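Residue-level listing of the chains:
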Amino acid sequence: MTILPKLHAIYNSAGLKPLTGHSTGHMFDWMDAPFTRFFDGKGIVGCAGLSLFEIMFLEHLAGYLTPKNILVIGNAHGWSTLAAALTFPEAKIVAIDPYEPGIALTNRLAQENGLKITAVEAYSPDGIKPACAEHLDGPVDFVLIDAVHTNEAIITDFAAAREVAADDCFYLFHDVVNWKMTEGLKHNQTTSGLDGRLLTRTPSGMAVLFKGASPDLVAYLDCFSDNPQLLQAYRDLVRQTMVKDSFGEAIAAL
Ligand SMILES: C[S@@+](CC[C@H](N)C(=O)[O-])C[C@H]1O[C@@H](n2cnc3c(N)ncnc32)[C@H](O)[C@@H]1O
């Protein structure tokens with residue numbers, strides 16, 4: 001069963017209509033069209049949460065992982081935190097973010113819906129250890145990193161998360177390709193020695209780092225990633241054959 005109707009119903013009941021999953025091509029080439037914001041009756045609120053497609057990727061992880069303690073770094077209005085709670089109902093979740101209205105909303109929605117979430121107003125990296133110590137029951141075994149979108153920040157977020165995490169923790173990074181954070185991701189993979197995949201077939205170019213994943217989980221992750229050489233060749237072919245070259249003839253005639 002999918003979590004999607006419940007996730008939408010929770011936000012609709014709070015007067016926030018999810019705007020998510022649209023094609024960039026349908027929305028004036030707006031890069032953020034796939035990602036999640038909300039219509040609050042007056043305008044658009046929120047800050048580019050996981051896209052509908054990425055929530056669907058997340059919810060299928062329940063077939064492979066059973067985390068007990070989850071950390072979300074970058075909660076915003078709680079969209080991905082609530083999605084994680086619906087996906088892994090047995091897990092305790094702590095989410096940190098300095099945005100107070102989002103923290104209050106997330107805690108209210110969690111309470112109204114019996115979800116095991118505590119959202120804490122705090123900054124990564126310093127806020128991670130105290131929040132986990134106070135609100136979780138043991139080492140973190142699933143982390144979503146979606147806060148400051150720079151290479152430096154995902155390195156410090158990851159390092160702080162590692163200090164509270166189990167050895168075989170599963171890390172999910174949002175926006176790695178779209179925000180050009182592949183160098184930070186590579187650094188995290190090299191320094192940790194974890195396995196990883198860049199999920200090039202997700203709208204934001206998410207990434208995962210993990211250890212000791214089952215062959216079934218690896219096969220699932222492989223459905224969302226590409227062989228780098230094949231992807232490069234595919235992109236070259238698309239550029240040469242599928243993209244309309246409006247000015248090619250004029251320029252060739254110079
Ligand atoms: C892209 S939004 C997160 C979206 C959210 N994960 C979702 O799917 O709805 C990024 C969030 O990171 C928060 N943020 C900024 N600096 C932070 C920090 N140092 N630690 C934790 N969160 C931070 C921002 O307040 C913002 O809410």
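Now for a look at the structure at hand.

Each value, and the rule that gives it
- Residues numbered from 1 in each chain as written.
- Predicted model: local features only at pLDDT ≥ 70, side-chain atom pairs only at ≥ 80, totals over all residues.
- Helix = DSSP H or I, 4+ residues; strand = E, 2+ residues; numbered from the N terminus.
- Pairing = 2+ DSSP bridges.
- Axes fitted to C-alpha atoms, helices over the stretch in contact; angles between N-to-C directions.
- Contact = placed C-beta atoms within 7 Å.
- Near = placed C-beta within 6 Å.
- Parallel < 35°, antiparallel > 145°, perpendicular 65-115°, else oblique.
- Left-handed = near helix turned anticlockwise from the far one by under 90°.
- Nonpolar A, V, L, I, M, F, W, Y, C, P; charged D, E, K, R; others polar.
- Buried ≥ 20, exposed ≤ 12 C-beta atoms within 10 Å, placed from the backbone.
- Arc of directions from axis to C-beta.

Going from Ser124 to Pro125, the amide bond is cis rather than trans, its omega being 5°. Within the fold, Pro125 resides in the loop between strand 6 (117-121) and helix 5 (128-135). Although it is not a glycine, Ala76 sits at a positive phi angle of roughly 50°. At Lys180, a residue that is not glycine, the phi angle is positive and equals roughly 55°. Turning to its location among the elements, Lys180 is positioned in the loop between strand 8 (165-173) and helix 7 (182-192).

Let us now look at the sheet that holds strand 4 (residues 69-73). Strand order in the open sheet formed by 7 strands is 6-5-4-7-8-10-9, and the pairing between neighbours is mixed. In this open sheet, the two edge strands, each paired with only one partner strand, are strand 6 and strand 9 (195-199). Taking the axes of each pair of neighbouring strands and ignoring which way they run, one obtains an average angle of 15° across the sheet. By the bridge criterion, 5 bridges tie strand 7 (residues 140-145) to strand 8 in an arrangement that is parallel. Following the sheet pairing, Val143 is matched in strand 8 by Tyr171. Each of strand 8, strand 9 and strand 10 (206-210) touches helix 7; the most contacted strand, strand 10, lies at about 5° to it.

Our next topic: the site of the ligand. Contacts to the ligand come from 22 residues, most closely from Gly49, Gly74, Trp79, Ser80 and Ser124. Elements that contribute at least two residues to the shell around the ligand include exactly strand 3 (44-49), helix 3 (79-87) and strand 5 (92-97).

When two helices pack together, their arrangement is given by the angle between the helix axes and the distance between those axes. At a minimum axis distance of 9 Å, the contact between helix 5 and helix 6 (residues 151-164) shows a crossing angle of 30°. Comparing the axis directions of helix 5 and helix 6 gives the class roughly parallel. Judged by the sense of rotation from one axis to the other, the crossing of helix 5 with helix 6 is right-handed. Counted together, Ile128, Lys129 and Cys132 of helix 5 and Ala160, Ala161, Glu163 and Val164 of helix 6 form the full contact between these two elements. In the contact of helix 5 with helix 6, the residues fall into 5 nonpolar, no polar and 2 charged.

Considered for burial, the residues of helix 5 that qualify are Ile128, Ala131 and Cys132. The buried residues of helix 5 occupy one face: seen down the axis, they fall within an arc of 95°. Exposed and facing more than 90 degrees away from the buried side of helix 5 are Ala133 and Glu134. Here the buried face of helix 5 lies against strand 4, strand 5, strand 6, strand 7 and helix 6.

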